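A closer look at the structure
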Amino acid sequence: MTRQALIIDCDPGVDDAVALMLAFGSSELDLLAVTAVGGNVPVEKTARNARMLRQIAGRLDVPVFMGADRPLRREPAGAGEFHGAEGLGDMTPFEPDAPCAEGHAADAIIELVMGRPETSVAVAVLGPLTNLALALRKEPRLAGRLGPVAIMGGARSEGGNITASAEFNIWADPEAAAEVLATGCEAVLFGLDATHQVRATEARIAALEAAGTPMADAAASMMRFSQRVERRIVGWPSLSEWGPPVHDPCPVAWLLRPDLFQLKPCRIAVETESELTRGHTAVEFRLSVAGSLPHRWAVSADAEGIFALIAGAVRQRRTI
């Protein structure tokens with residue numbers, strides 16, 4: 001079996017945690033590294049959280065690199081109200097046994113991609129795109145060497161979750177998102193239009209809790225926290241029917257099972273000037289207007305299939 005080489009760039013984050021557990025437990029992926037960026041919480045916490053989750057999953061073979069502590073031009077902006085002050089919901093933070101790997105995340109991305117065959121390394125970006133933008137600035141040839149760049153970010157028909165039209169990951173560093181999308185790399189975006197279809201219903205959370213492994217317990221804990229927070233902040237009418245959206249596993253799930261998503265070719269531009277529409281993703285599907293269409297946009301997701309992948313991955317028992 002040929003495994004997909006993968007770098008996960010993230011800002012854990014409760015839904016990042018679920019995505020990491022999915023990746024850690026999937027033998028189809030050759031997980032080269034996890035790179036941390038400041039986003040949901042500061043980078044010192046996201047890097048620690050990635051190492052905590054790595055330890056819970058028993059995957060000390062995967063290096064964790066710390067990256068950018070702030071956006072390219074903006075002041076850092078967090079989302080602790082949705083992720084908890086430490087980023088991982090109700091989980092009590094601890095100092096992991098293994099430290100971060102030496103070096104900056106952007107340099108690690110460059111080295112890992114440029115040292116392997118062209119287009120063989122995928123990158124799943126689950127937070128602001130700062131690390132990848134810095135890597136592309138430093139090594140412009142990277143754009144042609146990257147495999148698919150699967151990004152959790154953006155919104156179109158669903159509207160935004162941080163402003164009326166912007167999703168948090170893009171809003172947090174719109175300049176980085178605009179730069180990455182302008183390079184011509186193979187970018188596939190999983191915005192709120194698709195991720196709002198992937199909800200942690202009561203039955204899905206209970207199924208994870210019943211698995212009884214450390215990975216399943218961690219994933220279920222993240223979803224329970226989101227369930228409570230989303231109910232309070234957003235006010236979903238019925239937790240059993242709706243549940244909180246679980247955004248970040250979608251790019252990883254697509255790399256494992258592309259058939260679980262419907263994608264449309266498009267051209268995506270990001271608003272960087274207006275404060276009113278900062279981080280808005282303008283998704284153009286019309287060939288007559290957009291010309292060549294280098295990007296793809298997820299328009300639908302098979303939630304049952306995605307949760308089946310998560311359940312299968314987190315049932316793995318590893319030595320911690």
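Described below are features of the structure shown in this document. (Residues numbered from 1 in each chain as written. Predicted model: local features only at pLDDT ≥ 70, side-chain atom pairs only at ≥ 80, totals over all residues. Heavy atoms only, no water.)

Right, let's get into the overall build of the chain. A tally of helices and strands in the chain yields 14 helices and nine strands. The C-alpha atoms of the chain give a radius of gyration of 18 Å, which matches the 20 Å a tight globule of 320 residues would have. Here the chain holds 320 residues, and 58% of them are scored as buried. By sequence separation, contacts in the chain at least 24 residues apart represent 81% of the contacts at least 6 residues apart. With an accessible surface of roughly 12300 Å², the chain has 51% of that area assigned to carbon and sulfur atoms. Treating the 30 positive side-chain charges of the chain as one cloud and the 40 negative ones as another, the clouds have centres 2 Å apart. (Helix = DSSP H or I, 4+ residues; strand = E, 2+ residues; numbered from the N terminus. Rg over C-alpha atoms; globule rule 2.2 N^0.38 Å. Buried < 20%, exposed > 50% of the residue type's maximum accessible area, 1.4 Å probe, protein only. Contact = heavy atoms within 4.5 Å. Areas by Shrake-Rupley, 256 points an atom, 1.4 Å probe, with all protein chains shown as cover. Lys, Arg positive; Asp, Glu negative; His and termini not counted. Charge placed at Lys NZ, Arg CZ, Asp CG, Glu CD.)

Every buried residue of helix α8 (residues 174–182) is accounted for by Pro174, Glu175, Ala176, Ala177, Val180 and Leu181. The inward-facing, buried residues of α8 contact α5 (130–138), α7 (168–172), β6 (187–190), β7 (261–270) and β9 (295–301). Glycine 184 sits one or two residues past α8 and shows a positive phi near 85 degrees.

What follows covers the pairing of β7. In terms of strand pairing, β7 meets β9 through six bridges, oriented antiparallel. For phenylalanine 261, the partnering residue across the bridge sits in β9 and is alanine 301. Sheet analysis places β7 next to strand β8 (residues 281–284), joined by four bridges and oriented antiparallel. Bridge pairing links arginine 267 to glutamate 284 in β8. (Pairing = 2+ DSSP bridges.)

Turning to the pattern of salt bridges, a few remarks are in order. Tallied over the entire structure, the rule returns 19 salt bridges. For arginine 51, the salt bridge goes to glutamate 95, with nearest N and O atoms at 3.2 Å. Here glutamate 95 lies in the loop between α3 (80–83) and α4 (105–114) and arginine 51 lies in helix α2 (residues 43–57), a separation of 44 residues in the sequence. Salt-bridge contacts for arginine 141 lead to glutamate 139; the nearest nitrogen and oxygen are separated by 2.9 Å. You can call arginine 141 exposed: its relative accessible area is 56%. (Salt bridge = Lys/Arg side-chain N within 4 Å of Asp/Glu carboxyl O.)

A few words on the nonpolar core. Judged by nonpolar contacts, the single largest core of 65 residues is most densely connected at Ile8, Met21, Phe24, Val34, Val252, Phe261 and Ile306. Formed by 39 residues, the second largest nonpolar core is a distinct cluster that contains Ile110, Val121, Leu132 and Val270. (Core = buried A, V, L, I, M, F, W, Y, C linked by side-chain atoms within 4.5 Å.)

Within the fold, arginine 199 resides in the loop between α9 (192–195) and α10 (202–211). The spacing of arginine 199 and methionine 223 is 24 residues in sequence and 9.4 Å in space, taken between C-alpha atoms.

Spatially, β3-β2-β1-β4-β5-β6-β9-β7-β8 is the arrangement adopted by the nine strands of the open sheet, whose pairing is mixed. Each edge of the open sheet is held by one strand with a lone partner, namely β3 (64–66) and β8. Averaged over all neighbouring strand pairs, the angle between strand axes comes to 30 degrees, with direction disregarded. In this sheet, β6 lies alongside strand β5 (residues 149–152) in parallel orientation, the contact comprising four bridges. By the bridge assignment, alanine 150 is partnered in β6 with valine 188. (Axes fitted to C-alpha atoms, helices over the stretch in contact; angles between N-to-C directions.)

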